[in-house]
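Chains, contacts and geometry: an overview
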Amino acid sequence: MNSKIRAIARRIKEYDNIVIARHVGPDPDAVASQIALRDAIRLRYPSKNVYAVGTPVSKFNYYGKLDKIDENKLSDALLFVLDCPNIIRIDGADITKYKEVIKIDHHPYEDKMGEIEWVNVDSTSTCEMITEFLISARYRANKVIAENLFLGVVADSDRFLFSTTTPKTLELMAILIKNSRINIAEVYPKLYLRPLNEVKFQSYITEHLKVTKNGFASLKIDKKIIEKYGVDSGTASNLVNNFNNIKEIICWALVSYDEKQKIYKVNIRSRGPVINEVASKYNGGGHAMASGARISKQSDIQKLFNELDEECKKYKSNLKKENENS
Ligand code: AMP
């Protein structure tokens, strides 16, 4: 058992009130990891009060229900922040209200939140880290917990396609599947079954992507198109991973307008150039190959596109030089 896991297990044992939060605008890894950790702690310590908090997202209801709490009424509580590197993006928890904060995350390090921080950027997902924690600390995972963890890993590794997938990932998944007897064929549809209008919307995106000679592809999706295809404004975000492995494209960005927050949401992916440094200039961040940004001024969208295109150009030119020298 690594020392972080040992320290985390000890803290869980000590606290009666435990809250588990994750990042705003959650993805399957964020929601699945918080619900799986909550359920595993409840299973082991039925008398503890354990809550998973944050804004509920109806499309992720299949992971389980989130809890509503009044932080002011909690005394001496422990807060877990999962899958979230920075304080500003924590959804539904104020770290100042807790006696202790533990961060478990696989994003590049940003803000210090507490004394115990287990950050592993080489991990596919926070769900992989939670799986490691449960197995090492000898927590039981029932079928629901195991399914949630498996789906979180599958989603964040794009079904084990990304380079973050290691022998350890597969070993942990093997133990999870074996111990909890989950049926992979039964759980995949939760993540991959989708309506025809969404598939048609994906075809629209493919058809209209603007691809530069440097291999940068982008599309700003209009409200009219969202209405035409009967999807919601967040659908483009769910589809962004589907543009991987296209020969002519090494980096791609989809932009959609979030009416509620009055902001342009940009989902950026790469299979070469590092993109999170560019994203961080536009109120964004994330992983080296999977980032997001939030833009309020329309004119900044083209600026962001130009910077990403420039990264593609540099990446291709470096690759060319390396090939010439080898
Ligand atoms: P997304 O494109 O929303 O799936 O996000 C890809 C990755 O970038 C995830 O790890 C997000 O947590 C991160 N990310 C997305 N948007 C932002 C943002 N505005 N600021 C920092 N990180 C972000």
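Computed from a predicted model, the values in this text were never measured in an experiment.

1. Some remarks on the packing of aromatic side chains
- Scanning the model with the defined rule gives 11 aromatic pairs in all.
- When the ring of Phe-150 is compared with that of Phe-160, the centres are 6.3 Å apart and the planes differ by 50°; the resulting orientation is tilted. Linking Phe-150 in helix 4 (residues 143–156) with Phe-160 in the loop between helix 4 and helix 5 (167–180), this pair joins segments that are 10 residues apart in sequence.
- Residue class for Phe-150 comes out buried when judged on its relative accessible area of 2%.

2. Remarks on the pairing of strand 10 (residues 263–270)
- When you tally the buried positions in strand 10, you get 7 out of 8 residues, the bulk of the element.
- Direction of pairing for strand 9 (residues 251–258) relative to strand 10: antiparallel, over a ladder of 8 bridges. Note that in strand 10 the partner of Cys-251 across the bridge is Ser-270.
- From the end of strand 9 to the start of strand 10, which pair antiparallel, there are 4 residues, and Lys-262 there has a positive phi angle of about 55°.
- In this sheet, strand 12 (residues 290–295) lies alongside strand 10 in antiparallel orientation, the contact comprising 6 bridges. By the bridge assignment, Tyr-264 is partnered in strand 12 with Ile-295.

3. Here we look at helix 11 (residues 299–325)
- A rise of 1.5 Å per residue sets the reference length of helix 11, with its 27 residues, at 39 Å; its end C-alpha atoms lie 40 Å apart and thus fit the reference within 8%.
- Within helix 11, the full set of buried residues consists of Asp-300, Ile-301, Leu-304, Phe-305, Leu-308, Asp-309 and Cys-312.

4. Focus on the domain arrangement of the protein chain
- Looking at the protein chain, the domain boundaries give domain 1 (3–190) and domain 2 (196–325).
- Taken over C-alpha atoms, the centre of domain 1 sits 28 Å from the centre of domain 2.
- Opposite the 8 residues of domain 1 that make contact, domain 2 presents 8 residues.
- Where domain 1 packs against domain 2, one counts 0 salt bridges.
- Where domain 1 touches domain 2, the interface holds 1 residue pair in polar contact (both at pLDDT 80 or more).
- A per-class count over the side of domain 1 that touches domain 2 returns 3 nonpolar, 2 polar and 3 charged.

Definitions and cut-offs
Residues numbered from 1 in each chain as written. Predicted model: local features only at pLDDT ≥ 70, side-chain atom pairs only at ≥ 80, totals over all residues. Heavy atoms only, no water. Phe/Tyr/Trp six-rings, centres within 6.5 Å; stacked < 30°, edge-to-face > 60°. Helix = DSSP H or I, 4+ residues; strand = E, 2+ residues; numbered from the N terminus. Buried < 20%, exposed > 50% of the residue type's maximum accessible area, 1.4 Å probe, protein only. Pairing = 2+ DSSP bridges. Expected span 1.5 Å × (residues − 1). Domains from an automatic or database assignment. Contact = heavy atoms within 4.5 Å. Salt bridge = Lys/Arg side-chain N within 4 Å of Asp/Glu carboxyl O. Polar contact = N/O pair within 3.5 Å; in protein donor to acceptor, adjacent residues only side chain to side chain. Nonpolar A, V, L, I, M, F, W, Y, C, P; charged D, E, K, R; others polar.

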